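# Structure at a glance
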Amino acid sequence: MTKSEELYKKAINLMPAGVSSPVRAIKPYPFYTEKAFGSKIVDVDGREYIDYCLAYGPLILGHAHPKVKEAILEQIEKGWLYGTPIELEVIFAELITKLYPSIEMLRFVNTGSEATMAAIRLARGYTGKKGIVKVEGSFHGAHDSVLVKAGSGATTHGVPNSAGVPEEYVKYTYQVPYNDVESLSSLLEKKREEIAAMILEPVMGNSSLILPEENYLREVRKITKENDVLLIFDEVITGFRLSEGGAQQYYGVKPDLTTLGKIAGGGLPIGIYGGKREIMEMISPLGPVYQAGTFSGNPLTLSAGFTTVKYLVENKPYKILEKRTKEIVENIIPELEKLGYSTSCIASMFGIYFGKEPKNYSDALKLDSKKFLDFFSLLLKEGVFLPPSQYETCFLSVAHSEEDIEKTVEVMKACLRKL
Ligand SMILES: *Cc1c(COP(=O)(O)O)cnc(C)c1O
């Protein structure tokens, strides 16, 4: 028995499915990580994998980047939690408002879930309306009002609607299909008096990778504005990933509110929400919308996050990341097509679809997620680690070398032939 298997046997008695977050419950058992550096993750049995999961998105600089490590260590010397404001809060907030012109004011929180929860409350508080619109299969964290057709682990495990969420709590959550301007516009025409905001992932990353069709985001912006509905971009994945300024810079579309997370914390837990000054001034103690947190804006997270974002701004690795990502995708297309499968990518995100490239959630549900898992397991044996679900997105980091890419392509081609 491997050490991972041994640990898992104990873990399943201690934690539901043995894990701290559902997507990690890999069959027959997950590997337990001993350490990680650059593009590689090493398990407790000494096996090394090229990592394209990258902790589900945050690690755009790869594991244990020396600059981020140095910043964390420097902060540790000075203490790691004060419960008071710090200088870096101001510096980091200034940088973010520069990179995201739609964000005039912001708040630091601890997770992406917390950020979307606060942003939705704020939109409701500001507009005095109760309804929200979300896109089917989009994931905005694991809190009540957005746990409807939620993507990510909720899709992988076939529980689109969680037990324990009272119907009354999601009564005001409306759904529209992604890439469908018509549905949105007819919903808003009927319900505009009731709907506070629409929240969406500009590029869907939690129901496999789904790209917006030409002009979709611009149309969404136009329709929401015309109907007096706030637009919230959930850029917890796409922020600092598609570009320094996220999807809103990449596509040139300006939301009213934005949520950030993942990369913004440099590998430590973070969430950020922000937007128009007039809306943000509704937040307590300035205004009547309450939001607070013991660990919010903590020095350790801010030093890791700021160092990461500063690295991205100074080194602008986006072109090379995109080139390397394309190299993987383009080289496996022939093998995929032979099997009726497909792939796509944007910036340093890519998806491998066991079926046709999806345009929305119902397309994504038609993908052969069991075949994906066969592929996943074959790759793992050959030292390549993808996120363990058809409904997640693969990521690259600046630490992924030409050599990593070449090896990955060879391994993927060989594994596809074995399916
Ligand atoms: C990961 C994710 C979240 C939740 O962030 P957590 O830090 O896991 O709470 C929210 N929205 C999107 C789009 C995400 O990908």
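Residues numbered from 1 in each chain as written. Predicted model: local features only at pLDDT ≥ 70, side-chain atom pairs only at ≥ 80, totals over all residues. Heavy atoms only, no water.

### Description of the domain arrangement of the protein
Keep this limit in mind: An automatic or database domain assignment provides the domain bounds reported here. We call two residues in contact whenever any of their non-hydrogen atoms come within 4.5 Å of each other. Throughout, the accessible surface (probe 1.4 Å) given up by two parts as they are put together, summed over both, is called the buried area.
Taken domain by domain, the protein holds domain 1 (31–64 + 317–418) and domain 2 (66–314). Averaged C-alpha coordinates put domain 1 and domain 2 at centres separated by 25 Å. Each side of the interface is counted separately: domain 1 has 34 residues, and domain 2 has 35 residues. Buried surface at the junction of domain 1 and domain 2, both sides included, amounts to about 2,900 Å², of which 65% is carbon and sulfur. Interface area lost by domain 1 to domain 2 is led by Tyr318, Ile346 and Tyr361, which between them contribute 25%.

### Thoughts on helix 7 (residues 181–191)
Applied cut-off: A simple rule labels every residue: compare its accessible area, found with a 1.4 Å probe on the protein chains alone, to the largest value its type can have, and call it buried under 20%, exposed over 50%, or partly exposed in between. Helix and strand definitions follow DSSP, with helices as H or I runs of at least four residues and strands as E runs of at least two, each counted in order from the N terminus. The directions from the helix axis to the C-beta atoms form the arc being described. Any N or O atom pair separated by 3.5 Å or less is treated as a polar contact, with the protein-specific requirement of one donor-capable and one acceptor-capable atom, and with residues adjacent in sequence counted only for side-chain atom pairs.
Residues of helix 7 that are buried include every one of Leu184, Leu187 and Leu188, and no others. Considered in projection along helix 7, the buried side chains sweep an arc of 95° and stay on one side of the axis. Along helix 7, the residues that are exposed and aim more than 90 degrees away from the buried face are Glu182, Glu189 and Lys190. Buried residues in helix 7 make contact with strand 5 (131–135), strand 6 (173–176), strand 7 (195–200) and helix 8 (216–226). A side-chain oxygen of the first residue of helix 7 lies 3.2 Å from the backbone nitrogen of Glu182; this N-cap is Asp180.

### Points about unusual backbone geometry
The linkage connecting Lys27 with the following residue, Pro28, adopts the cis geometry, with an omega of -5°. Tracing the sequence through the fold places Pro28 in the loop between helix 1 (3–14) and strand 1 (33–37). One non-glycine residue, Asp228, adopts positive backbone phi at about 60°. For Asp228, the position within the fold is in the loop between helix 8 and strand 8 (230–234). If you check the backbone angles, Lys262 has positive phi at about 30° while not being a glycine.

### Structural notes on a nonpolar patch on the surface
Inclusion rule: Patch membership needs two things, relative accessible area over 30% and no salt bridge, and members are linked within 9 Å if like-charged or within 5 Å if nonpolar (Val, Leu, Ile, Met, Phe, Trp, Tyr). Shrake-Rupley sampling with a 1.4 Å probe provides the accessible areas, and residues are treated as covered by the protein chains on show and by no other component. Whenever Lys or Arg places a side-chain nitrogen within 4 Å of a carboxyl oxygen from Asp or Glu, that contact is recorded as a salt bridge.
On the surface, Leu73, Ile76, Trp80, Leu81 and Phe295 cluster together into a nonpolar patch covering about 500 Å² of accessible area. Among the structural elements, Trp80 can be located in the loop between helix 2 (66–77) and helix 3 (87–99).

### What about the site of the ligand?
Condition: If even one non-hydrogen atom of a residue comes within 4 Å of a molecule or strand, that residue is called near it.
Every residue close to the ligand is listed here: Thr111, Gly112, Ser113, Phe139, His140, Gly141, Glu201, Asn206, Asp234, Val236, Ile237 and Lys262. One of the backbone N or O atoms of Gly112 is found 2.8 Å from an oxygen atom in the ligand. Asn206 is positioned such that a nitrogen or oxygen atom in its side chain is 3.1 Å from an oxygen atom of the ligand.

### A short note on the nonpolar core
Generally speaking, a soluble globular protein has its nonpolar side chains buried in company with each other. Spelled out, the test is: Remark: nonpolar core denotes a set of buried residues (Ala, Val, Leu, Ile, Met, Phe, Trp, Tyr, Cys) joined through side-chain atoms within 4.5 Å.
Membership of the largest hydrophobic core comes to 63 residues, with the highest contact counts inside it found for Tyr52, Ile96, Phe240 and Leu386. The greatest single-element share of this core, amounting to seven residues, is contributed by helix 11 (residues 299–315). Split by domain, the residues of this core number at least three in each of domain 1 (31–64 + 317–418) and domain 2 (66–314). Leave out the neighbours within four places in its chain, and Ile96 touches Ile103, Leu106, Phe108, Phe240, Leu260 and Ile272. One finds Val135, Val176, Leu184 and Phe233 within the second-largest nonpolar core, a separate group that totals 23 residues.

### Observations regarding the sheet that holds strand 13 (residues 384–385)
Sheets are built from strands paired through backbone hydrogen bonds, the pairs being either parallel or antiparallel. Applied cut-off: Pairing between strands requires that DSSP locate at least two bridges from one strand to the other. For helices, the fitted axis covers only the stretch in contact; all axes are lines through C-alpha atoms, and the angles between them, taken along N-to-C directions, range from 0 to 180 degrees.
Ordered in space as 1-2-3-13, the four strands form an open sheet in which the pairing is mixed. Every interior strand has two partners, whereas the edge strands, strand 1 and strand 13, have only one. By the bridge criterion, two bridges tie strand 3 (residues 48–51) to strand 13 in an arrangement that is parallel. Within the sheet, the bridge partner assigned to Asp51 lies in strand 13 and is Phe385. On the sheet, helix 15 (residues 402–418) packs against strand 2 (40–43), strand 3 and strand 13 and is oriented at approximately 100° with respect to strand 3.

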